[in-house]
Amino acid sequence: MEEEEIMWKLDSNSVESATIGRVMSTLLSSRPRKLQEAIFRFGSNPHQTSVSSSDESLWFLNKYVTDAVEKKDSLDQILVPMIESSLKYRGRKHSNQPMIILNWLFQEKLLCKALVTSLATMISRKEDRYIALGWCTLVRELLEVEITMTQPTKNGVSENYYALLEILCACIPRLTVIMCDGSGLQDGSELPTRLSVAAADCFLALTEALTRKTLLSKVPSRNNASNSVVALSRIAENKVEPVTTSSEASNNVELDWLLWDHLDELIVLVQKLVAWNRKSRPLYAKGLEQVLKWLEEIKSHYGNFPDEADKKILKTGVLLLSSCWKHYSRLLHLEDHKISQHYKDLLEQYLSGIQFYTENCTEKRTENGDTTGIETRKFFLNCLSLLLGRFDQQQFDRIMLEYGIEISNALLSQFHSADEDVIEGSFSIFKAAVFKANYSSSQSRSTGTSMMDSVVPSLLDLLNERNVTSKAVVMLVAEYCFINTDGHCLQEILKLLDSPNALQRTNAVDVVRELIRISSDSVHVLSNSMWQDVAKRLLERLADEEPEIRSNTSNLLPMIDPSLIFPSLVHLFYSSDERVCLSASDALIAVLKYHSEKHEVIFMLLDSLSNLTQSLDIPDSSRDKGQGGSMLDFDKVRMLIAEWSKSVKDWKLLIEPLIDKMLAEPSNANIVKFLSHISEHLADNADIVFSRVLLHMKGQELDKSFFARPDSRTCTSNDSDAFTRSLFDRLCPLLIIRLLPLRVFNHLQSRVLYGQCNEVLLHASKNGDIDMNRHDCVATLLMNRAFGKFEFEDVRKLAAELCGRFHPKVLFPIISSQLEHAAESQDILKIKACLFCICTSLVVRGWDPKFCNVLLKVRNSIEKVLLWRSLEVSKAQHGCIDCLALMICAEVQTPESIRNSSTSENIGKMCSRSPTLNYVISQLMHGKHEFMSPPKLNSKTYISESSFPLPFRICMANTLISACQKISDIGREPFAQMTLPHLVHSIEVVRDQEIRAACIQVVFSVVYHVKSAVLPFAPDILEVALKSLREGSEKEKMAGAKLMASLMASEDPILECISEGLLEARSLLSVMSSTDPSPDLRQLCKKLLVCLTSP
């Protein structure tokens, strides 16, 4: 029996479910009028067993719902079909059957409460997105329902509206979650889904319903717009006092508090609306941002009053929120086709409100801190932004054709306000309403521009001050200048740049800045003639009296095409007016930094400098009269280059083009100077530099017709221009290499510089010549230039200097071999080139004991050259002397020599560490090479002299003199200690008068150049001078007199040291000044005697 009872119940439930399904289908598919008529007849209660008519369906539905409520069963079988029907027929006329059915069921409060409660919980119980979408649609329709009954009957929705709202408000948090979860990113913008849009609109409908004082209040018509203005004004100023019955007042207060309780959700809602509309509807989004700001201010100002004493203040905030949200919410719906039916009434209300409060209320603050009328104007402006911003382009253009003048006049009046929010809101609307950057049609574009033309004079008048208004006008005028193709507006702004009013000039500069910004962000560009006018006027502002204007102008110029400003800007950079010069300097630095990695901009700078140099050229006769020359002070550019170079991140993008430009313009000195200031950056990318130079040098060919004979290397070409071009072309790559610091030549593994070092040595043939056909690296090409038979002298000398920078492991083996063979063949040019290489290496790198053997080979080759019995020796001996002198300096200036110079016991060691000095002194004294031990100065033993010719020994003396001239400060003391003892001793023991005279001349040079380092030897030196004056030959006497003069001109410590000997010197000079047969010597002695006898 129990099983049969259970089966009967299951069958009964199945039958009942199928029946209610058919009933809902019948009712939802009925015509609305038929359905309303059936509801009117519902009192008869027919008892037919089959369900075949609307009357029977209503009877069954009523019984089913009543039983379900009593049994507390689920009502989903009633609500889900209604939800599906609402979603299926959404937006269609005559499709409100669910609302008719619910309105009928809601006539019984018990059923109403049960149905609404079940509906409210469904949004959380059902995870189906389709059900959620239909739910939002059904609830919004329920909240906005307008039912016209054909027969008189009760309105269930209206009678239970308060209870319905109270229950449905619990769904707001769930709607917020659905709305937030339904957003997605597309192309960087946040976009809503259909469900999130429906949830947002349902949220808005629910909160809007909470603000209704009477159900479905109507929008004012055009005739009572002024009355509506007053009403809306009182709302914005929080002065609304609704006239209602006591029960209505109680319900309204409760609804206001329900809205306040969901203030946080309102803020989230508006935040999502801002994100969804920011890209597609900018004006609408701007209005939303203002509403969001207002909500956050409401929460901040009124949300922190927990005490009972502050309850009145909180009530004010609650009322203000409810009153304003009533109007904001109707403008925030994403899907709302009704607003287009009465937008004119709303537009007229908002414009009238703006005009009324602008004309009748001041902006003075009241005693409580409020500003009369300001908040109301903000409210109207926000509403106007939301209203205009929601229309598509076609609707917007239609509105502007009808209301454009009224809107522009209303907004212009707001630019005089002191409130930033009022000006910002007016600016946003004005920008969108009066003109737009992209008009959809030529008609709307012409309308917008003509409307703007009419208000431009009024806007320009607002540029006489620096305030919030002028900032907004600056942006408006700049945008209009951009879209105004005839350039009239821009010309008016450029005229203001010359205004005597500094504020107008400042604002005009701001307009230009904003115009440049707009242009840079747009695919459309201003005409070239417009940019030329802008550039010209901005350059003139660099001489403005106001520092702010000069600074702003300097910051603007980088954003203009550099080709329009560089020539004039460089000219101003060299202005005699210091103010203009400083402004131009700041501008140039800004331009270079802005285009830091564009080589074209650097080219413009260099070309402008070259053009300015040429424009300053004047005849030589004028220069002789002191009128100046054509050379610019390039040091001024150094500061620019230093600042610009700090901003360069990728030098590889610049170096190759810069090198190519110099190679293309080899005679342009400005490029050389420019590259010299970035030499460290060139060094960091040395392989790029060497590669470009190597490629260029490989392609060079020298016209041998420039040289009549290979031996003379004299140019015989009558074409001087061709000669000059060829010379500079050959020099240019070498000058580039010369700019590089020494460290780049230390990279032995660099293939482009050295190739394989072993290969470089391997291809030095037996006769000492470099293989002329090997152009695989820079090193071989430079050696070819230095040692080639046909080459310009300047090129040969520079190439030899660059070879001297090579790493010694590469340089010395090759150079020593080249010098040896050149000495054997008496090739003067190659000898000079080799010696110059060695001298350069010694100067830039100093002494390295590891290469003593190689330098010994070099010294032997020099000895051969100096021993030539030919007139040609004079052409090479100067190089030999300088080379030996630099070898001495390098040896003496080593750290070991400097450390050992403190005591005389180390002189022997010092001499051993300076083989070249030892060699030179030995050849001077003996005419042969033998190690020179420290001499005994009182020894009178004459030394033996070899058969080396006198000219050779004189060259050794000249070598020591040259070393005196080249020695550095740190090498003076060791040089004096290693040199003077031998020289003083040699003067005593050498028999040859010429050699003695030469030694005295060397001592004179030592005293003259080494200065205080000779102090320990000063008495002996004075004795040498006196003895040469008493006993020497005519040359010795003259040399002795000069030595005496050098000692007398020395520093005080030396004079104190020789003071006793000066008495003897005075008597000797007195005798010689009158008795010596040489007039020159007598005259010199008289001068020295005067110095000694004068007080």
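Keep in mind it's a predicted model, so treat the numbers as computed, not measured.

This next bit is on helix α47 (residues 915-926). Taking 1.5 Å per residue, 12 residues should reach 16 Å; α47 reaches 16 Å between its end C-alpha atoms and fits that length. Within α47, 11 of the 12 residues are buried, which leaves it mostly tucked inside the rest of the structure. Among the residues of α47, those classed as buried are Thr916, Leu917, Asn918, Tyr919, Val920, Ile921, Ser922, Gln923, Leu924, Met925 and His926.

With that settled, the discussion passes to the side chain of Ser1005. Secondary-structure assignment places Ser1005 in helix α50 (residues 993-1010). Other than its neighbours up to four places away in sequence, Ser1005 contacts Ile961, Cys964 and Val1010.

This part is about the environment of Arg212. Examined against the element boundaries, Arg212 turns out to sit in the loop between α11 (194-209) and α12 (225-236). Residues Arg212 and Ser322, 110 residues apart in the sequence, show an inter-C-alpha distance of 8.8 Å.

Time to look at the pattern of salt bridges. Going through the model one piece at a time under the given rule, you end up with 45 salt bridges. For the salt bridge of Lys126 with Asp76, the shortest nitrogen-to-oxygen distance reads 3.7 Å. Taken together, the residues span a long stretch of sequence, with Lys126 in the loop between α6 (109-125) and α7 (129-143) and Asp76 in helix α4 (residues 76-88) at a distance of 50 residues. A salt bridge links Glu424 to Lys286, with the shortest nitrogen-to-oxygen separation between them at 2.4 Å. Here the residue Glu424 occupies a position in helix α20 (residues 420-433), and Lys286 occupies one in helix α15 (residues 282-302), the gap between them amounting to 138 residues. Classification of Lys286 by relative accessible area gives buried; the value is 18%.

Formed by 348 residues in total, the largest nonpolar core has its most connected members in Leu61, Trp135 and Trp325. Per-element accounting of this core gives the leading share, 12 residues, to helix α44 (residues 873-892). Not counting residues within four places of it along the chain, the set of residues in contact with Leu61 comprises Ile20, Val23, Met24, Leu27, Ile78, Ile101, Trp104 and Leu105.

To continue, consider the packing of aromatic side chains. Applying the stated criterion to the full structure yields 14 aromatic pairs. On the numbers, 5.3 Å between centres and 55° between planes, the contact of Tyr328 with Phe379 is tilted. Here Tyr328 is found in helix α16 (residues 311-332), whereas its partner Phe379 is found in helix α18 (residues 374-389), with 51 residues between them in sequence. Tyr328 gets classed as buried once you look at its relative accessible area, which sits at 2%.

What counts and what doesn't
- Residues numbered from 1 in each chain as written.
- Predicted model: local features only at pLDDT ≥ 70, side-chain atom pairs only at ≥ 80, totals over all residues.
- Heavy atoms only, no water.
- Helix = DSSP H or I, 4+ residues; strand = E, 2+ residues; numbered from the N terminus.
- Expected span 1.5 Å × (residues − 1).
- Buried < 20%, exposed > 50% of the residue type's maximum accessible area, 1.4 Å probe, protein only.
- Contact = heavy atoms within 4.5 Å.
- Salt bridge = Lys/Arg side-chain N within 4 Å of Asp/Glu carboxyl O.
- Core = buried A, V, L, I, M, F, W, Y, C linked by side-chain atoms within 4.5 Å.
- Phe/Tyr/Trp six-rings, centres within 6.5 Å; stacked < 30°, edge-to-face > 60°.

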